[in-house]
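# Structural features, examined
One letter stands for each residue in the lines below.
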Amino acid sequence: MVTNITSFGRSGLSDWLMQRVSAVILALYTVFIVGFLLFNPNLDYYAWSGLFNQTWMRIFSLLAFIAIAAHAWIGLWTVTTDYLKSTCLRMGAQAVIILGIFVYLVWGIQILWGA
Amino acid sequence: MSNLQVSVYRYNPETDSAPYMQEFQVDTKGRDVMVLDVLHLMKEQDSGLAFRRSCREGVCGSDGMNMNGKNGLACITPLSDVVKNNKLTLRPLPGLPVIRDMVVDMGLFYKQYERIQPYLQNDTPAPAIERLQSPEERDKLDGLYECILCACCSTSCPSFWWNPEKFVGPAGLLQSYRFLADSRDTATSERLSNLEDPFSVFRCRGIMNCVAVCPKGLNPTRAIGKIREMLLADAT
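Residues numbered from 1 in each chain as written. Chains lettered and ligands numbered in written order. Predicted model: local features only at pLDDT ≥ 70, side-chain atom pairs only at ≥ 80, totals over all residues.

A regular strand places its side chains so that they alternate between the two faces of the sheet. All names here are of chain B. Strand direction decides the pairing type here: strand β3 (residues 64–67) and strand β4 (residues 70–73), joined by four bridges, are antiparallel. Each residue of the ladder has a partner; that of N66, found in β4, is N71. Between β3 and β4, which pair antiparallel in sequence order, lie two residues; one of them, N68, sits at a positive phi of approximately 45 degrees. (Pairing = 2+ DSSP bridges. Helix = DSSP H or I, 4+ residues; strand = E, 2+ residues; numbered from the N terminus.)

Structure follows, in structure tokens:
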């Protein structure tokens, strides 16, 4: 039995599913943002800030932030377990990555609800 | 016609401090022979050259090797398939420890094969004659049972290179699915629970090197996809 304690969901199946679900969420969010920019060529601060004042947009954005956090953790965890063979180096890199993801997530929430 | 230029990986741990490439000039008399024939011609020049071979017709899987950068069986690979600019470079299967020259230690490969329990398990009482399968049930094993364990696929897989102790590898997973798909096997849930960790199956990134090199034309990536489907169906 192969065990691990640092992967996102402790299970290959749940990580795999999460990677795919988060990819779909990120694709939808990207299409929406690109579409919004294309349909508003003369975009100003008020229109942009108005969009993000909507509760549904904040929920959608938070969903996308959580999705990118999970997606990045699963993907980078895989990269570190493939290429970093020294336990010390691997755990250090994983700690830096999870810290970075956490900081970005909290920062993102602050931006969404702070303005 | 000029002689074929062959560059071969040589390493004898008892006398060499490091592996090196040895150059050979091989006269194939202009014929499109198999790579294994070229190895035999080189052995006539240097009897110390070590490589594995047995059936010399693509059945035993002994002479898997890396020919001009691509894994395959030397015995069924004609020179015209691999030789470029009259040059041929032969190396042992990548990622496995070299015992000597082209001979690799397949221990890790067999260990992963053993882990998937490659035998039929059935805890119901044995019938008087045999366990029958419908033709449809038997059809599901086509494309799975033909594997000869030559290791060409697993040793062309970067996921197996980086984690050979944890990732089962394409060959093992193809055989794993062969028993998961078998209507006579009753150990399906135990088999699946041994595979759901992040490495055994899920370290496959789907790059399909295994499909590109399989000398028997099998498709381990499809089998891995089927295992994932079974795991998902079992757990959701």
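Continuing now.
Residue and element names in this part refer to chain A. Within the UniProt annotation, "transmembrane region" (unreviewed entry) is assigned to residues 21–39, 59–79 and 91–113. Between the C-alpha atoms that bound residues 21–39 there is a distance of 27 Å. The span itself is 100% helix and 0% strand. A distance of 30 Å separates the end C-alpha atoms of residues 59–79, which is 100% helix and 0% strand. (UniProt positions renumbered as here; feature names shortened; annotations may be inferred.)

A few words on the nonpolar core. Residues A74, L173, L174, Y177, V201 and I227 of chain B are the most contacted members of the largest nonpolar core, which totals 58 residues. Leave out the neighbours within four places in its chain, and L174 of chain B touches L144, C147, L218, P220 and A223 of chain B. Residues F8, A67, A70 and W73 of chain A belong to the second largest nonpolar core, which totals six residues. (Core = buried A, V, L, I, M, F, W, Y, C linked by C-beta atoms within 7 Å. Buried ≥ 20, exposed ≤ 12 C-beta atoms within 10 Å, placed from the backbone. Contact = placed C-beta atoms within 7 Å.)

Moving on to the sheet that holds β3 of chain B. Either a parallel or an antiparallel arrangement is found when strands of a sheet pair, and the pairing is made through backbone hydrogen bonds. Residues and elements named next belong to chain B. Sheet architecture is open: five strands sit in the order β2-β1-β5-β3-β4, paired in mixed fashion. Looking along the sheet, the strands with just one partner apiece sit at the ends: β2 (20–26) and β4. Neighbour to neighbour, the strand axes of the sheet diverge by 30 degrees on average, direction disregarded. Inspection of the sheet shows strand β1 (residues 4–10) paired to β2 by seven bridges, in the antiparallel sense. (Axes fitted to C-alpha atoms, helices over the stretch in contact; angles between N-to-C directions.)

All names here are of chain B. In contact at an axis separation of 9 Å, helix α6 (residues 169–180) and helix α9 (residues 220–235) are set at 55 degrees when each is read in the N-to-C sense. In terms of orientation, α6 lies oblique with respect to α9. In terms of crossing hand, the pair formed by α6 and α9 is left-handed. Note on element contacts: α9 touches α6 through P220, A223, I224, K226, I227 and M230, opposite P170, A171, L173, L174, S176, Y177 and L180. Broken down by class, the residue content of the contact of α6 with α9 amounts to eleven nonpolar, one polar and one charged. (Parallel < 35°, antiparallel > 145°, perpendicular 65-115°, else oblique. Left-handed = near helix turned anticlockwise from the far one by under 90°. Nonpolar A, V, L, I, M, F, W, Y, C, P; charged D, E, K, R; others polar.)

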